[in-house]
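Structural characterization, general
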Amino acid sequence: MIMGIINCTPDSFFSASRAEAVKDAEDKARKLIDQGADILDLGGESSRPGSDYISEEEELKRVIPAVEAIRSFSDIPLSIDTRKSEVARQALLSGADIINDISALEDDPKLGKVAADTGAWIVLMHKRGRPDTMQLNPSYNDTLQEIESYLHKAVARAEASGISRERIILDPGIGFGKRHQDNLMVLKETGFFRQMGYPVLIGHSRKSFLEVITGRQVHERLAGSIAAGVLAQVFGADILRVHDVAETRDAVLVTEAVIGGD
């Protein structure tokens, strides 16, 4: 499945993904749906390296009108990218279906109850540290095992909150508190995380690990993003979270045709 990104923010790292006004979010949603998105992911708080929390009030002001506007013309599944329980609660009441929590229920334990009470799906992501500090000398002794252990604990938190295991999606967190070699390992070992028994989301699109490989700036990383997405698909990803839906969809369809063909 392809999850298209709509950032209701002024500071997300890829400017073309930003939709600061409700009309911008609505237009972007229509475009991504036309391009073949299966899910739309809306966020009101940037989690790029070096970013910090914004207030609950500001986040609500950014995302709730956008959720309402999109839901007024489409029944496409909507994901709310937030670490705050009240933002999630209001987004779900406004028509969202999925909570995408980069803190995996660590930042706001009440978020789990919101998901359980509403029956929402939840994405639990691995990260090390906070976005404002996560890329300051991250280190691992055993990258895969440490991420797996963290995700098992995240699942336990979710289930303790009352969330059904059938509603859990895992994201190993490319770019979140990881060295370059860690990002490459996570991508290559997508199947390792798939074997945990949950759908796996990979968020690789236009991230800085591609600059290390190609030397290209964020607006030039389309080809690298497609290559990484195809590899994630081949290695077992269930959901690709991307900025470029049409191009990713074509790559996914070709890959499916070749791998799944007789």
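Heads up: the structure comes first, above all this text.
Let us look at the structure shown here. (Residues numbered from 1 in each chain as written. Predicted model: local features only at pLDDT ≥ 70, side-chain atom pairs only at ≥ 80, totals over all residues. Heavy atoms only, no water.)

A look at the overall build of the protein
To keep it simple, the criterion reads: Secondary structure elements follow DSSP: runs of H or I no shorter than four residues count as helices, runs of E no shorter than two count as strands, and numbering proceeds from the N terminus. When we talk radius of gyration, it's over C-alpha atoms, and the globule rule is simply 2.2 Å times the number of residues to the 0.38. Only protein chains enter the calculation, and the probe is 1.4 Å; a residue is then buried if its accessible area is under 20% of its type maximum, exposed if over 50%, and partly exposed in between. Two residues form a contact once any of their heavy atoms are found within 4.5 Å. Under this rule, positive means Lys or Arg and negative means Asp or Glu; His and the chain ends count for nothing. A charge is said to be at NZ when it belongs to Lys, at CZ for Arg, at CG for Asp and at CD for Glu.
Helix and strand counts for the protein come out as 10 helices and eight strands. Relative to the 2.2 N^0.38 estimate, which gives 18 Å for 262 residues, the radius of gyration of the protein is 17 Å and therefore close to what a compact globule would have. Its C-alpha atoms put the protein at 40 × 40 × 40 Å along the principal axes. Scored against the burial criterion, the 262 residues of the protein give a buried share of 52%. A fraction of 68% describes how many contacts in the protein between residues 6 or more apart in sequence connect residues 24 or more apart. Put simply, the protein has 31 plus and 41 minus side-chain charges, and the middle of one group is 2 Å from the middle of the other.

A short note on the nonpolar core
Here is the rule we go by: Only buried residues count toward a nonpolar core, which is a set of Ala, Val, Leu, Ile, Met, Phe, Trp, Tyr and Cys residues joined through side-chain atoms within 4.5 Å.
Core analysis: the biggest nonpolar cluster contains 61 residues, and Ile6, Leu40, Leu42, Ile99, Leu124, Ile168 and Phe193 have the highest contact counts within it. For this core, the leading source of residues is helix H5 (residues 143-160), giving seven residues. Beyond its immediate stretch of four places on either side in the chain, Ile99 contacts Ile80, Thr82, Ala88, Leu92, Leu111, Val114, Ala115, Ala120, Trp121, Ile122 and Val123.

A look at empty space enclosed by the protein
Rolled over the atoms, a probe sized like a water molecule indicates the empty space that remains. Going by this rule: Within this scheme a cavity is a closed region of a 1 Å grid, computed over the protein atoms alone, that accommodates a 1.4 Å probe without allowing it to escape, whereas a pocket is open but has protein on both sides within 12 Å along at least five of seven lines; lining residues each have an atom within 4 Å of a point. Grid points are joined across faces, edges and corners, and a volume is the space filled by probe spheres set on the points. We call Asp, Glu, Lys and Arg charged. Ala, Val, Leu, Ile, Met, Phe, Trp, Tyr, Cys and Pro are nonpolar, and the rest, Gly among them, are polar.
Taken as a whole, this structure holds one cavity of 30 Å³ or more when the rule is applied. Around the largest cavity, the lining residues are Glu45, Ser47, Asp81, Thr82, Arg83 and Ile102. Considered class by class, the residues forming the lining of the largest cavity number one nonpolar, two polar and three charged.

As for the layout of surface pockets
Here the second largest pocket is characterised by a volume of approximately 190 Å³. Ile5, Phe14, Ala16, Ser17, Lys28, Lys31, Leu32, Gln35, His243, Asp244, Val245 and Glu247 together form the lining of the second largest pocket. Residue assignment for the lining of the second largest pocket shows that the elements contributing at least two residues are helix H1 (22-34) and helix H10 (245-260). With three residues, H1 is the largest single contributor of residues to the lining of the second largest pocket. Across the lining of the second largest pocket, the residue classes break down as five nonpolar, three polar and four charged.

Things to note about the packing of helix H2 (residues 56-71) against helix H3 (residues 85-93)
Quick note on the threshold: Think of each axis as a best-fit line through the C-alpha atoms, taken over the contacting stretch in the case of a helix, with angles from 0 to 180 degrees between the N-to-C directions. An angle below 35 degrees is treated as roughly parallel, one above 145 as roughly antiparallel, one from 65 to 115 as roughly perpendicular, and anything else as oblique. Two helices crossing with the near one rotated counterclockwise from the far one by less than a right angle form a left-handed crossing, whereas a clockwise rotation gives a right-handed crossing.
The interhelical angle for the contact between H2 and H3, taken along N-to-C directions, is 20 degrees, at an axis separation of 10 Å. Relative to H3, the element H2 is oriented roughly parallel. Seen from above, H2 lies across H3 with right-handed handedness. Contacts from Glu56, Glu59, Leu60, Val63, Ile64 and Val67 of H2 reach H3 at Glu86, Val87, Gln90 and Ala91. Considering only residue class, the contact of H2 with H3 consists of six nonpolar, one polar and three charged.

Some remarks on the environment of Cys8
With respect to the element layout, Cys8 can be found in the loop between strand S1 (2-7) and H1. When its relative accessible area of 2% is taken as the criterion, Cys8 is described as buried. Remark: the alpha-carbon pair of Cys8 and Glu45, spanning 37 residues in sequence, is separated by 7.7 Å. Excluding anything up to four places from it in sequence, Cys8 contacts Ala19, Leu42, Gly43, Gly44, Arg62, Val63 and Ala66.

Concerning a nonpolar patch on the surface
Stated formally: Like-charged residues are merged into a patch within 9 Å and nonpolar side chains (Val, Leu, Ile, Met, Phe, Trp, Tyr) within 5 Å, provided each residue has over 30% relative accessible area and no salt bridge. Exposure was quantified through the Shrake-Rupley algorithm and a 1.4 Å probe, taking into account, for residues, occlusion by the shown protein chains and nothing else. Any Lys or Arg side-chain nitrogen found within 4 Å of a carboxyl oxygen on Asp or Glu counts as a salt bridge.
Taken together, the side chains of Leu231, Val234, Phe235, Val254, Val258 and Ile259 define a hydrophobic patch exposed on the protein surface, amounting to about 550 Å² of accessible area. Every element with two or more residues in the nonpolar patch is listed here: helix H9 (222-235) and H10. Topologically, Val254 is positioned in helix H10.

Section: the pairing of strand S3 (residues 78-81)
Quick note on the threshold: Strand pairing is assigned whenever DSSP detects at least two bridges linking the two strands.
Side chains Leu78 and Ile80 project from S3 onto one buried face, and the interleaved Ser79 and Asp81 project onto a second face that is buried too. Sheet analysis places strand S2 (residues 39-43) next to S3, joined by four bridges and oriented parallel. Directly across from Leu40, in S3, lies its bridge partner Leu78. Sheet topology note: the S3/strand S4 (residues 98-101) ladder contains three bridges and is parallel.

What to know about the pattern of salt bridges
Tallying each qualifying case throughout the model produces 19 salt bridges. Taking the shortest distance from any N to any O, the salt bridge between Glu45 and Lys84 comes out at 2.8 Å. Here Glu45 is found in the loop between S2 and H2, whereas its partner Lys84 is found in the loop between S3 and H3, with 39 residues between them in sequence. Lys84 shares its class with Glu45; the two are buried. For Asp81, the salt bridge is made with Arg241, and the minimal N-O distance between the two is 3.4 Å. Note that Asp81 is positioned in strand S3 and Arg241 in strand S8 (residues 239-242), a separation of 160 residues in sequence.

Interpretation note: all reported values are geometric properties and have no functional meaning in isolation.
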